[in-house]
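# Overview (structure and organization)
The residues making up each chain are set out below.
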Amino acid sequence: MELNAAIPSGPIEKRWDNHRFEMKLVNPANKRKLSVIVVGSGLAGASASATMAELGYDVRCFCYHDSPRRAHSIAAQGGINAAKNYQNDGDSVFRLFYDTVKGGDFRARESNVYRLAQISVSIIDQCVAQGVPFAREYGGMLANRSFGGAQVSRTFYARGQTGQQLLLGAYQALARQIELGGVKMFPRHEMLDVILVDGRCRGIVTRDMVDGTVRSYTADAVVLATGGYSNAFYLSTNAKACNVSAAWRAHRRGAGFANPCYTQIHPTCIPQSGDYQSKLTLMSESLRNDGRIWVPKKADDNRPAAQIPEGDRDYYLERIYPSFGNLSPRDIASRRAKEVVDEGRGVGPLKNGVYLDFADAIGRLGAPAIGERYGNLFDMYERITGESPYEMPMRIYPAPHYTMGGLWVDYNLMTTIPGLFAIGEANFSDHGANRLGASALMQGLADGYFVIPYTIGNYLARGGLDPVAEDHADCKGVEQQVNDRIQRLLTASGKRTADSFHRELGRIIWDKCGMARNKAGLEEALQKIPALREEFWENVRVPGVGADLNQELERAGRVADFLEQGELMCRDALDRDESCGGHFREEHQTGEGEAARDDERFSHASVWEWTGENQAQRKNVEELTFEYVQPSQRSYK
């Protein structure tokens, strides 16, 4: 597998501008002759579809929801980063770049991260022009708050529903183009494979989730904007329907998958309350601006929070990390929460949480002011738990949330398959081994509004793309393979549901490849997962038929992909014999319990190549070089 990152030369602050100037352009008349398929209609997909259609391309957008407004981007509640420096507190493009590279524990590509920081300032202007109702200061300026891993306030927000408001902005741009005919929308369609013709990606095969029709769609290029794979853990903050299938099927066709072991455990989630749950609920990281995290100093202290005096409380993040305190990065805050719970100091009925306490902030600012900032989050928490955060502390605990790994892409966001691009959380490019809070929305919109419209034009302008009919032999061949897979699932006639296999897989991955990993545990997982996958194909039961609405069939196909993805996560984690960011190998930690990197052996992206069914995947390496931010031991003290 050839890994050419296509990074421009020259000073890092000029690379993107120079690269755009050097790109080949498609003239407006020719754009109308070129077609692009976008899979996914969340922030990345909707913004990319709308922008490319505005430019004149013929765009077809596919999503498995009934409307793009249901994309999981709405769940990113807390905010979006941008280096505007409205607070005059020392922020800059370079500082955002620095914080992101450091926050990712020096495992990201510098050039991509710097471009992201540059574009961040334009994203806010774009969204304000669309009418996104960002919070404002008394004088009318846009408000900012702090997020983990930064000592400046650079996070723009719309109360506790930033993702939803940003998605509505992108959706209205998309809807405008649907009305004008620039975008044709295909809701309730699930992408099940990609089509390669002469080595280039020229289309996709989908299943209509309403009537079961399997068919091909062809185009000059394909963009995947399908999110991450945290639902491999079964219980995560992701919506139940979130899956890895689109990216994984592309991987099986030859797209390299980078750093699958880099998964993020979010520290601010409502603790699991029982085995009946199908997902977990995120409480925004923005709450850590005003909430103080603590546990009792003594194990098994069963007193209600209000009865535990200050002297018996351990504000452990403030104690260990005085400079960043409760706004320590997510990977660090999560591990520290796990440690105190493992020590027997957890709180709540199952002793599986820590307190997030707003008493000090309410006393200082008043309940109405706190309600203005977080009211909808407080309401959501109370509806789920029956407890009011205005009267007692929230209970939180880490949960699987975001995946930094994804399809490998070059500087132009193209995968190892020519003509196949990946944007947003579906690619690996910007966050290294740990994503800072409020950077997911930033990356999704940067890729969709400002990067892919340029880089896909550069690809298309180079020509050589003869029309491919939807009855082309290569299309029909992939369709047949998709139908064969569907029939294999429907005829398995076993005794277990796909969901039961998913739950078992999730427990293995969480226990062996979750917040902490070790060699013995990963080797055990790599014995259990292939055996579980073999049993799945022999003993799964999928009721119904393929030529109809069949949610059990949808779920079974996605679980089959998670069973392969989960094995690669553990394989990558075992191979990466170091700790970095969210990948914490217990054998590699400092005396203070922090991640200990091995820069000599592992300052690279691990890019895995599919070699065949039930075959060991081949590892390829993209070496990482650091010209502007020298790797060092991360310190947030």
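Everything numeric in this text was worked out from a predicted model, so none of it was measured.

Bringing the layout of surface pockets into the picture now. For the second largest pocket, the calculated volume is near 410 Å³. Every element with two or more residues in the lining of the second largest pocket is listed here: β15 (394-403) and α14 (498-513). Split by residue class, the lining of the second largest pocket holds twelve nonpolar, three polar and three charged. When residues of the lining of the second largest pocket are assigned to domains, at least three map to each of domain 1 (265-401) and domain 2 (473-599).

Our next topic: the sheet that holds strand β8 (residues 214-218). Read across the sheet, three strands follow the order β6-β7-β8 without closing on themselves; strand pairing throughout is antiparallel. Edge positions in the sheet fall to β6 (189-197) and β8, since each has one partner strand and no second. Pairs of neighbouring strands in the sheet enclose a mean axial angle of 30°, with direction left out of account. Across the sheet, helix α13 (residues 473-490) is in contact with β6, β7 (200-208) and β8; its angle to β6 comes to roughly 140°.

Here the focus is helix α11 (residues 367-385). In this model α11 runs just 20 Å from its N-terminal to its C-terminal C-alpha over 19 residues, more than 12% under the 27 Å that 1.5 Å per residue would give. Of all the bends found along α11, the most pronounced is centred on Tyr374 and spans about 85°. Contact partners of the buried residues in α11: α10 (359-365) and β15. Gly386 lies just past α11 and shows a positive phi near 80°.

Core analysis: the biggest nonpolar cluster contains 149 residues, and Ile80, Leu460 and Phe536 have the highest contact counts within it. With eleven residues, the single largest contributor to this core is helix α12 (residues 440-460). Those residues in contact with Phe536 that lie beyond four places of it in its chain are Leu489, Ala498, Phe501, Ala556, Val559, Ala560 and Leu563. Counting residues in hydrophobic clusters, the runner-up holds 30 residues, among them Ile293, Val354, Leu356 and Tyr397.

This brings us to helix α7 (residues 245-252). In terms of residue burial, α7 counts as a mostly covered element, since seven of its eight residues are buried. Every buried residue of α7 is listed here: Ser245, Ala246, Ala247, Trp248, Arg249, Ala250 and His251. In the segment just after α7, Gly254 is the residue with positive phi, at about 125°.

This part covers a nonpolar patch on the surface. Taken together, the side chains of Phe94, Tyr98 and Tyr628 define a hydrophobic patch exposed on the protein surface, amounting to about 250 Å² of accessible area. Structurally, the position occupied by Tyr98 is in helix α4 (residues 93-103).

A probe matching the size of a water molecule, rolled over the atoms, marks out where space remains unfilled. This model, assessed by the stated rule, comprises six cavities of 30 Å³ or more. As a volume, the largest cavity reaches approximately 130 Å³. Contributing to the lining of the largest cavity are 13 residues, with Leu192, Arg249, Ile486, Leu553 and Gly557 lying nearest its centre. Classifying every residue of the lining of the largest cavity by side-chain character gives five nonpolar, two polar and six charged.

Within the element layout of this structure, Val197 appears in strand β6. In the structure, Val197 is positioned 277 residues away from Asp474 in sequence and 6.6 Å away in space, judged by C-alpha atoms.

The phi angle at Asn85 is positive, at roughly 55°, despite the residue not being glycine. Within the secondary structure layout, Asn85 lies in the loop between β3 (80-81) and α4.

Turning our attention to the side chain of Thr206. Residue placement: Thr206 occurs in strand β7. Here Thr206 falls in the buried class, since its relative accessible area comes to 0%. Apart from the residues lying within four places of it in its own chain, the contact partners of Thr206 are Phe62, His189, Glu190, Met191, Leu192, Thr213, Val214, Arg215 and Tyr217.

How big an interface is tends to be expressed through the accessible area that disappears when the partners come together. When its domains are assigned, the protein chain resolves into domain 1 (265-401) and domain 2 (473-599). The partner domain 2 presents eleven residues to the 15 residues of domain 1 that form the contact. Carbon and sulfur atoms make up 53% of the surface buried where domain 1 meets domain 2, a total of about 950 Å² over both sides. When the buried surface of domain 1 facing domain 2 is broken down by residue, Ile265, Arg335 and Arg336 rank first, second and third, together holding 47% of it. Across the contact surface, domain 1 and domain 2 share one salt bridge. In this structure, Arg336 and Glu594 form a salt bridge, with 3.0 Å as the shortest nitrogen-oxygen distance. Linking domain 1 to domain 2 there are five residue pairs in polar contact (both at pLDDT 80 or more).

Here we take up the packing of aromatic side chains. Taken as a whole and assessed by the stated rule, the structure comprises 26 aromatic pairs. For the pair Tyr449 and Phe450, a centre-to-centre distance of 6.1 Å together with 65° between the ring planes defines the contact as edge-to-face. Phe450 matches Tyr449 in its accessibility class, with the two residues each being buried. Its guanidinium or amino end placed over the ring of Tyr411, Arg115 lies 4.1 Å from that ring's centre, counting from NZ or CZ. Looking at Arg496, its charged tip hangs above the ring of Phe501, at a distance of 3.9 Å from the centre.

What counts and how
- Residues numbered from 1 in each chain as written.
- Predicted model: local features only at pLDDT ≥ 70, side-chain atom pairs only at ≥ 80, totals over all residues.
- Heavy atoms only, no water.
- 1 Å grid on protein atoms, 1.4 Å probe; cavity = no way out; pocket = protein on both sides within 12 Å on 5 of 7 lines; lining within 4 Å.
- Points joined across faces, edges and corners; volume = space filled by probe spheres on them.
- Helix = DSSP H or I, 4+ residues; strand = E, 2+ residues; numbered from the N terminus.
- Nonpolar A, V, L, I, M, F, W, Y, C, P; charged D, E, K, R; others polar.
- Domains from an automatic or database assignment.
- Pairing = 2+ DSSP bridges.
- Axes fitted to C-alpha atoms, helices over the stretch in contact; angles between N-to-C directions.
- Contact = heavy atoms within 4.5 Å.
- Expected span 1.5 Å × (residues − 1).
- Bend = angle between axes of the 7 residues up to and from the residue.
- Core = buried A, V, L, I, M, F, W, Y, C linked by side-chain atoms within 4.5 Å.
- Buried < 20%, exposed > 50% of the residue type's maximum accessible area, 1.4 Å probe, protein only.
- Patch = residues over 30% accessible without salt bridge, like charges linked within 9 Å, V, L, I, M, F, W, Y side chains within 5 Å.
- Areas by Shrake-Rupley, 256 points an atom, 1.4 Å probe, with all protein chains shown as cover.
- Salt bridge = Lys/Arg side-chain N within 4 Å of Asp/Glu carboxyl O.
- Buried area = accessible area lost by both parts, 1.4 Å probe.
- Polar contact = N/O pair within 3.5 Å; in protein donor to acceptor, adjacent residues only side chain to side chain.
- Phe/Tyr/Trp six-rings, centres within 6.5 Å; stacked < 30°, edge-to-face > 60°.
- Lys NZ or Arg CZ within 6 Å of the ring centre and 35° of its normal.

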